[in-house]
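An overview of the molecular structure
Okay, here's what each chain looks like letter by letter:
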Amino acid sequence: MAQDTIREIDFGVDGMMCGACVARVEKKLKKVDGVQNASVNLATERAKVSLDTRVNDVSALFDSVASAGYEARTETLEFKVDGMTCGSCVARVEKKLSKLEGVLEATVNLTTERARVAYVPGLVDRARLFEAVEKAGYTAVALDDDAQADDDSPSEADRLKKALILAAAFTIPLFAIAMLHGVPSIATAMDRLLPARAWTIIELVLAVPVQFYAGWRFYTLGWGEMKHLAPGMNSLVMLGSNAAFFYSLVALVVPQVFPSGTAHTYFDAAGMIVTLILLGRYLEAVAKGRTSQAVQGLMQLQSKTARVKRDGEWTEVELDQVAQDDIVSVRPGERVPVDGTVRSGESYIDESMISGEPVPVAKQADDEVVGGTVNQSGTLELEATSVGGDTVLSHIIRMVEEAQAEKPAIQAVADKIAGVFVPIVMAVSAATFVGWLILGPPSALALAFIAAVSVLLIACPCAMGLATPTAIMVGTGKGASMGVLFRRGTALEQLARIDTVVLDKTGTLTEGAPALTELETTNGFERAEVLAKVAAVEATSEHPVATAIVKAARREDIALSEASQFQAHTGYGVEAMVGEHWVQIGAERYMESLGIDTSSLADRADALARTAKTPLFAAIDGQLAALIAVADPARGEAKRMVKALHAMDLSVAMLTGDNEATAHAIAEELGIDTVVAGVMPDGKSDEIKRLQGENQSVAFVGDGINDAPALTQADVGIAVGSGTDIAIESGDVVLMRADLSGVVNAIALSRRTMRTIRMNFGWAYGYNVLLIPLAAGALFPFTGWLLNPMIAAGAMSISSIFVLTNSLRLKRFKAALEPSRKLSPDDAETGATVDETHYNEAA
């Protein structure tokens, strides 16, 4: 093949560990159509591919890397797009961006006026992306430039308000003259004062500033759309209002060119069209601003400055100057500026912004605090652990913004329809005009004009474009205020469709902090001696069972020796040397693997298991020494949650590594339908996959740390956090506090949001399907009634406003299940979530 028909593509590959990885990626790449050669470098983690220039779509290269088990390195750029007004604008910008070589995905949000593009560096850059937006007829603005511009220039709502006030000032007298002239007695008096033609000239004078000053935006935006052969909402308004204005102007200046009886003027209609559309746009801008209040509110929680110790002195500095490990002082009533660890002082912190819990939480030395929370009483000195974009609050803001920007499948379909909607409306308008001329009465020109203009003005692609993003924005914002974070906008759509909820047991359904309830020794072993040795081994572990045993020993004032040679066997147990004795602790299967006979305590272990207690065995120097039982009680709200899920017609299942008897005891207590016990940590995702294979749509609820594979495999992964310990990267939905009421509320909110979206679409499409024929004159043969263009313009504005206000109703969403209890400052402290994989629970 000639050299000029081959091009080189160079991109990064993440996840490769060895030469076998390199070989696997190269093999997959070489199988892609059009690839002449592929070489992968492990050291630089880059792939170089020789590709036929006739192949325009490079996404197959990245799909092949993914099929090999690795990830092609791409970048994401987010920027503002000015000038979009409807769904057809969105579809047009996305189409232009997606056509660029190297662009893997482009999504545009009408409500936020932002584009998010995933692309391959080297194949495309920001300049080419911006150029594509310009070619579509819009303006791309970098977010940093936009932020600077916002400081100096008025907002879109302010500009619209100014144009609306001017338009109204001229339109009100214009409309009054036209309407009063339609009342015979008043018209007679007016004609005595001035001739009818003079009044028409006054109407023209009043209409000019409305048409060409207040409505100038429709010329600039509408002409830009037409110039790029991509008509949108602005084109419809420009054509409709100009048709009314210039038809009237010709009728005033040279009425003889019109057939007899058709030389009417519509200056009042032209002015009202522009004014009503501006009013609608202004109300839209105000309402769209309200949809993003959640993110704005979160941003306002960020402090502007911090008091930092520098060279032994306290200094007030800008927040971006605070570095990790700095010592920061927070006085009573101040917001905590950064995430940190308390080094000195005691206080109560209001953490409601991250947990939804209104009761302040006690903080003292070594406790963690989160930036954005409010210090209530004492002064605290913190050591900064996370600053800038790494803080929990920054993660939350970024997560909410990303969820709001993402496009669910239902919106992608709507944007495709909106992309062809405006050209179809223009064709219908032209057909209406011609149809009236052909089929109408002898003097049909005026009627044809009115009907054609009404069709242009009543069509509303804006409502189609706003139906989904406004509901997603309000829904995700409302969720954030309730402590339910949607990491992806698509999670709202998927969560509304689930029919099965699968829950992890330990730390999710249960408190995750078991207590020692039994320790029964065998002949020859003393209880205190066994407890001392077992606790010495467990003191090395962070497992909740270990913590329970150590706490029990300390309560009994048993001194603990130092353990050595500690080993953990995932899913089985632990062992270590205590003094001169080898101590082994674990599940029955661990004892069996060691060849230790547990039959003497087997019946007792079964009895404990049936009461939802976890039996463990301890062996000393190879001899069975004791049966240990710990109980991990179910969360107070777990039973209410299961009942609420059943009321929502959902099946509830539990996955656990615990034994069958213990698992079924918990399930019976809570009313859970299905139990899958004895599952090792790496087998949970397989169980989820099995349920999905049975045509079930599955949501998995776990602690977000050990359950990452299952959270990823599920249709929707719900990670249960605990305020500062949030596994943000694990689930599609993150519950900010460890309260299972959030599961019910997340599902209820997603269903309510999708119901709102469907209602929005029902209105948007139903409105256009019903009213466009009405505007075209479908009722005229039966009633003699024809829609006035002014009414058509008002109806178009009302359609968009209905969609926006309907979405804003989500702000009034009430929790479907209230939290189980409110923590008092004295008992607000919760245990941290830790690794739970080396015992039989393995959950």
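Predicted model only: the values in this text are computed from it and were never measured. (Residues numbered from 1 in each chain as written. Predicted model: local features only at pLDDT ≥ 70, side-chain atom pairs only at ≥ 80, totals over all residues. Heavy atoms only, no water.)

The next subject is a nonpolar patch on the surface. Together, Val434, Leu437, Ile438 and Leu439 give the surface a local cluster of nonpolar side chains, amounting to about 440 Å² of exposed area. The residue Val434 is located in helix 15 (residues 409-439) in this model. (Patch = residues over 30% accessible without salt bridge, like charges linked within 9 Å, V, L, I, M, F, W, Y side chains within 5 Å. Areas by Shrake-Rupley, 256 points an atom, 1.4 Å probe, with all protein chains shown as cover. Salt bridge = Lys/Arg side-chain N within 4 Å of Asp/Glu carboxyl O. Helix = DSSP H or I, 4+ residues; strand = E, 2+ residues; numbered from the N terminus.)

In this section: the UniProt feature "transmembrane region" (unreviewed entry) in the protein chain. Per the UniProt record, "transmembrane region" (unreviewed entry) is found at residues 163-184, 196-216, 236-258, 264-283, 417-439, 445-468, 761-780 and 786-804. Helix makes up 85% of residues 264-283 and strand 0%. Its end C-alpha atoms lie 32 Å apart. Strand forms 0% of residues 786-804 and helix 84%; the C-alpha atoms that close the span are 29 Å apart. (UniProt positions renumbered as here; feature names shortened; annotations may be inferred.)

Mapping Ala168 onto the fold places it in helix 6 (residues 156-180). Ala168 sits in the partly exposed class, given a relative accessible area of 23%. Each C-alpha atom of the pair Ala168 and Leu278 lies 9.6 Å from the other, and the pair is 110 residues apart in sequence. Apart from the residues within four sequence positions on either side, Ala168 is in contact with Pro173 and Thr275. (Buried < 20%, exposed > 50% of the residue type's maximum accessible area, 1.4 Å probe, protein only. Contact = heavy atoms within 4.5 Å.)

Attention shifts here to the nonpolar core. Core analysis: the largest hydrophobic core is formed by 148 residues, its most contacted members being Phe79, Leu97, Leu129, Leu495, Met641 and Val733. Per element, the largest residue contribution to this core is 14 residues, and it comes from helix 28 (residues 741-776). Among all residues touching Val733, those that are not within four sequence positions of it are Val484, Leu485, Phe486, Ala491, Leu495, Val716, Gly717, Ile718, Ala719 and Ala746. Judged by nonpolar contacts, the second largest core, of 27 residues, contains Leu531, Ala536, Val537 and Val583. (Core = buried A, V, L, I, M, F, W, Y, C linked by side-chain atoms within 4.5 Å.)

With 7 of its 8 residues buried, strand 24 (residues 613-620) lies for the most part within the structure. Across 4 bridges, strand 23 (residues 581-586) lies against strand 24 in antiparallel orientation. Its bridge partner being in strand 24, Gly586 is matched across the sheet by Phe617. Bridge count for strand 24 against strand 25 (residues 623-631) is 8 bridges, and the pairing is antiparallel. Considered in strand 25, the bridge of Pro615 is made with Ala629. A loop of 2 residues connects strand 24 with strand 25, the two strands running antiparallel in sequence, and Asp621 in this loop sits at a positive phi of about 55 degrees. (Pairing = 2+ DSSP bridges.)

What follows is about the sheet that holds strand 13 (residues 347-350). Strand order in the open sheet formed by 3 strands is 14-13-16, with antiparallel pairing between adjacent strands. One side of each edge strand has no neighbouring strand; the edge strands of this open sheet are strand 14 (361-363) and strand 16 (374-375).

Our focus in this paragraph is the sheet that holds strand 15 (residues 368-369). Strand order in this open sheet of 6 strands is 10-9-11-17-12-15, and the pairing throughout is antiparallel. With partners counted over all chains shown, the strands left at the sheet margins are strand 10 (313-318) and strand 15, one partner each. Both strand 9 (residues 305-310) and strand 10 contribute to a ladder of 6 bridges, which runs antiparallel. Bridging across to strand 10, Arg310 finds its partner in Glu313.

Another aspect to go through is unusual backbone geometry. One non-glycine residue, Asp325, lies in the positive phi region at around 80 degrees. A positive phi angle, close to 55 degrees, is found at Asp621, a residue other than glycine. Within the fold, Asp621 resides in the loop between strand 24 and strand 25. You can call Asp621 partly exposed: its relative accessible area is 42%.

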